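# Observations on the model geometry
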Amino acid sequence: MNTALSLALGYALALLYLRSRRSLSPHRQPVFWATGLVVATALYIVFALLADAPFPVLAREAGGTLLFITLAWVSTRKPVSRQRWLAAGWLLHPLWDLGAHHGSAHAPDWYMWACLSFDLVVGIALATSASGNENGLPERPYARHDSPHALPTTPLPAPSTQT
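Here is what the cut-offs are and how they apply
Each residue is numbered by its place in its chain's sequence as written, counting from 1. In view of the model being predicted, local features appear only for residues whose pLDDT reaches at least 70, and side-chain atom pairs are presented and counted only at 80 or more, with totals across whole chains, interfaces and linings using the full set of residues. The side-chain values count all of the structure's non-hydrogen atoms but skip hydrogen atoms and water molecules. Numbering goes from the N terminus for both helices and strands, where a helix is a DSSP run of H or I of at least four residues and a strand is a run of E of at least two. Areas reported as accessible are Shrake-Rupley estimates using a 1.4 Å probe. Residue values count occlusion only from the protein chains shown. Predictor confidence is given residue by residue as pLDDT, running from a minimum of 0 to a maximum of 100. Only heavy atoms enter the contact rule, under which two residues are in contact if any of them lie within 4.5 Å. Axis definition: a line fitted to C-alpha atoms, limited for helices to the stretch in contact. Angles are taken between N-to-C directions and run from 0 to 180 degrees. An angle below 35 degrees is treated as roughly parallel, one above 145 as roughly antiparallel, one from 65 to 115 as roughly perpendicular, and anything else as oblique. Crossing handedness is read from the near helix: turned anticlockwise from the far helix by less than a right angle, it gives a left-handed crossing, and turned clockwise, a right-handed one. Residues are sorted three ways: Asp, Glu, Lys and Arg are charged, Ala, Val, Leu, Ile, Met, Phe, Trp, Tyr, Cys and Pro are nonpolar, and all the rest, Gly among them, are polar. A pair of Phe, Tyr and Trp rings is counted when the ring centres sit within 6.5 Å of each other, with Trp represented by its six-membered ring. The angle between the planes then sorts it: under 30 degrees is stacked, over 60 is edge-to-face, the rest tilted. Residue exposure (1.4 Å probe, protein chains only): buried if accessible area is under 20% of the type maximum, exposed if over 50%, otherwise partly exposed. By salt bridge we mean one thing: a side-chain nitrogen of Lys or Arg within 4 Å of a carboxyl oxygen of Asp or Glu. Helix span, as expected, comes to 1.5 Å for every residue beyond the first. Counted as a polar contact is a pair of N or O atoms within 3.5 Å, where, for protein atoms, one must be capable of donating a hydrogen and the other of accepting one, and residues adjacent in sequence contribute only when both atoms are in side chains.

## Re the overall build of the chain
Across its full length, the chain carries five helices and zero strands. Put simply, the chain runs from its N terminus to its C terminus through helices and strands in the order α-α-α-α-α. Summing over all exposed atoms, the chain offers an accessible surface of approximately 9800 Å²; the carbon and sulfur share of this is 68%.

Spelled out as structure tokens, the structure:
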């Protein structure tokens, strides 16, 4: 699979991932974002095991996974800065993709490129959301004002003129 197709695959999967969280309650969404980050990292361990990679490679993969597990765990424990921790984890993961896996014999190139674009889309979505809800997560980016997810807009009563 060529690089452009892999990047497009990651982008498309990221959009599906962003939409799929809409069915979750707000208190479950932080775990959803954090779990996705851990899974994206842990797949590199699976690839290393399938390729019968040497111990140093497995140790590096385990160390990287531990780092991202730590970021994910912190994000679920810090309500005020949760979105920043999640965004940092997702935006740092492409550096892990490129730094540890570009040209690697044990991780497929197509996965590295797809993962890189997936991570960037999710990380940017978390980092650039204009407003956060009480869980520090972005509001539903696809909710229209006329959707059942939009807040009702009831006009305020006119001020009283009685003295």
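## Overview of the confidence of the model for the chain
Counting all residues, the mean pLDDT for the chain is 80, and 78% of those residues have values of 70 or more. No element of the chain has a lower mean pLDDT than helix α4 (residues 82-101), which averages 86, and none a higher one than helix α1 (residues 3-20), which averages 93. Per-residue pLDDT stays below 50 along residues 133-153; that stretch engages in 41 contacts with residues further than four places along the chain or on separate chains.

## What to know about the packing of α4 against helix α5 (residues 109-128)
Look at α4 against α5: their axes get within 8 Å of each other, and the N-to-C directions meet at 160 degrees. By the angle class used here, α4 and α5 are roughly antiparallel. Crossing of α4 over α5 shows left-handed handedness. Tallied by class, residues from the contact of α4 with α5 come to 16 nonpolar, four polar and three charged.

## Re the packing of aromatic side chains
Scanning the entire structure with this criterion turns up nine aromatic pairs. Consider the rings of Y17 and W90, whose centres lie 5.9 Å apart with planes at 55 degrees: the pair is tilted. One end of the pair, Y17, is in helix α1; the other, W90, is in helix α4, and 73 residues separate them in sequence. Exposure remark for Y17: the relative accessible area of 13% places this residue in the buried category. For W90, a relative accessible area of 0% gives the class buried. Summarising the aromatic geometry, the rings of W110 and Y111 are spaced 5.9 Å apart at their centres and angled 90 degrees between planes, so their arrangement reads as edge-to-face. For W110, a relative accessible area of 36% gives the class partly exposed. Relative accessible area serves as the criterion here: at 10%, Y111 is assigned to the buried category. Among the aromatic residues, those joined into a cluster by ring pairs are Y17, F32, W33, W90 and F118.

## With respect to the pattern of salt bridges
Enumeration over the complete set of coordinates arrives at one salt bridge. R60 is the salt-bridge partner of E61, the closest N and O atoms lying 3.2 Å from each other. The exposure class of E61 is buried, given its relative accessible area of 1%. Residue classification places R60 among the partly exposed residues on the basis of a relative accessible area of 34%.

## Brief notes about α4
The end-to-end C-alpha distance of α4, which contains 20 residues, comes to 28 Å, matching closely the 28 Å that a straight helix rising 1.5 Å per residue would cover. Within α4, the full set of buried residues consists of R82, Q83, L86, A87, G89, W90, H93, P94, W96, D97, A100 and H101. The secondary structure elements touched by the buried residues of α4 are α1, α2 (29-50), α3 (55-77) and α5. Backbone geometry just after α4 places G103 at a positive phi near 75 degrees.

## Here's the deal with the side chain of T41
Within the element layout of this structure, T41 appears in helix α2. For T41, a relative accessible area of 0% corresponds to the buried category. Polar contacts involving the side chain of T41 include one to the main-chain carbonyl oxygen of L37, which spans 3.1 Å. Discounting chain neighbours no more than four positions away, the residues touching T41 are G64, T65, F68, H93 and W96.

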